[in-house]
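Now for the letters of each chain:
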Amino acid sequence: KGYHLPLEWLKEWKDTSLLYCGSVETSHKYYDRKLRETVREWKLRDRVFFSENDIADEDADIWFGAADLKVYPHSQFAECSVIDAMGRGKCVVTPDKEGFRELSKEGGVVPTNDMKGTVRKLLENSELRRTYEQKSLAYREKYNWYNYFKNLVRHLGLAHKKPPKVAVCVPVRN
């Protein structure tokens with residue numbers, strides 16, 4: 001899947017840490033175990049961190065906030081993972097594949113054939129990284145549910161007005 005690649009880069013990059021987030025599917029437990037063994041063998045435990053479970057949606061901003069960018073080294077297109085990072089305002093480095101190239105037209109996705117070089121360049125150049133983060137935030141604004149609904153209503157020729165503010169009250173049961 002390519003998640004071992006950043007570990008290899010870390011051997012050279014003494015100023016960089018790595019955060020693996022989310023749980024691993026049962027079918028990939030062996031891969032997860034090998035990643036952790038590699039971290040121990042290469043003495044990277046002080047710079048590589050693993051979340052132990054799936055990240056709850058309400059905690060995801062904390063995890064993403066700890067990172068300068070998201071590295072998605074997997075060669076298979078998985079738009080949910082990439083779009084989630086973009087929705088949180090992150091620059092996302094991906095392999096140069098069709099689906100990722102399409103997302104890069106509007107969002108903060110950087111498809112590349114040189115993952116290591118691109119990640120390093122973005123880590124060292126916060127201004128460039130910020131440009132991609134702004135694209136991610138613009139993508140989020142354009143494709144949020146309210147704007148999606150507004151465009152759909154406009155397309156269907158229906159009357160449209162902003163929905164009222166709604167508060168939810170949940171009774172407490174003893």
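Now for a look at the structure at hand. Quick caveat, the model's predicted, so the values are computed rather than measured. Along each chain, the written sequence defines residue order, and numbers are assigned to residues from 1. It should be noted that, the model being predicted, local features are given only for residues of pLDDT at least 70 and side-chain atom pairs only at 80 or more, the latter also being counted only at that level, while totals for whole chains, interfaces and linings use all residues. Calculation of side-chain values draws on the structure's entire complement of heavy atoms; hydrogens and water are dropped beforehand.

In this analysis, axes come from line fits to C-alpha atoms, helices being fitted only over the stretch in contact, and the angle between any two N-to-C directions falls in the range 0 to 180 degrees. Only runs of H or I of at least four residues qualify as helices and only runs of E of at least two qualify as strands under DSSP, and these elements are numbered from the N terminus. Their axes nearest at 7 Å, the elements helix α4 (residues 79-87) and helix α7 (residues 126-142) cross at an angle of 100 degrees. Our classification of the angle between α4 and α7 gives roughly perpendicular. On α7, the residues that touch Ile83, Met86 and Gly87 of α4 are Ser136, Leu137, Tyr139 and Arg140. Ten residues, namely Ala, Val, Leu, Ile, Met, Phe, Trp, Tyr, Cys and Pro, are considered nonpolar, four, namely Asp, Glu, Lys and Arg, are considered charged, and the remaining ones, Gly among them, are considered polar. The class makeup of the residues in the contact of α4 with α7 is four nonpolar, two polar and one charged. An angle counts as roughly parallel when it lies under 35 degrees, as roughly antiparallel when it exceeds 145, as roughly perpendicular when it falls between 65 and 115, and as oblique in every other case. A contact between two residues is defined here by any heavy atoms of the two lying within 4.5 Å.

Both strand β4 (residues 92-95) and strand β5 (residues 109-112) contribute to a ladder of four bridges, which runs parallel. Across the sheet, the residue bridging to threonine 94 is proline 111, located in β5. Here is how to tell: hold the view so the strands point away, follow the path from the first strand over the helix to the second, and if it runs clockwise the crossover is right-handed. Following the chain from β4 across helix α5 (residues 98-104) to the adjacent parallel β5, one finds a crossover that is right-handed. One requirement defines pairing of two strands: DSSP has to find at least two bridges between them.

Here we come to the layout of surface pockets. Grid points spaced at 1 Å over the protein atoms alone were grouped into cavities, where a 1.4 Å probe fits but cannot get out, and pockets, open sets with protein on both sides within 12 Å along at least five of seven lines, with lining residues defined by an atom within 4 Å of a point. Grid points are joined across faces, edges and corners, and a volume is the space filled by probe spheres set on the points. Space inside the second largest pocket adds up to approximately 170 Å³. Broken down by secondary-structure element, the contributors of at least two residues to the lining of the second largest pocket are α4, α7 and α8 (145-156). Ranked by residues supplied to the lining of the second largest pocket, first place goes to α4 with three residues. Grouping the constituent residues of the lining of the second largest pocket by class yields six nonpolar, two polar and one charged.

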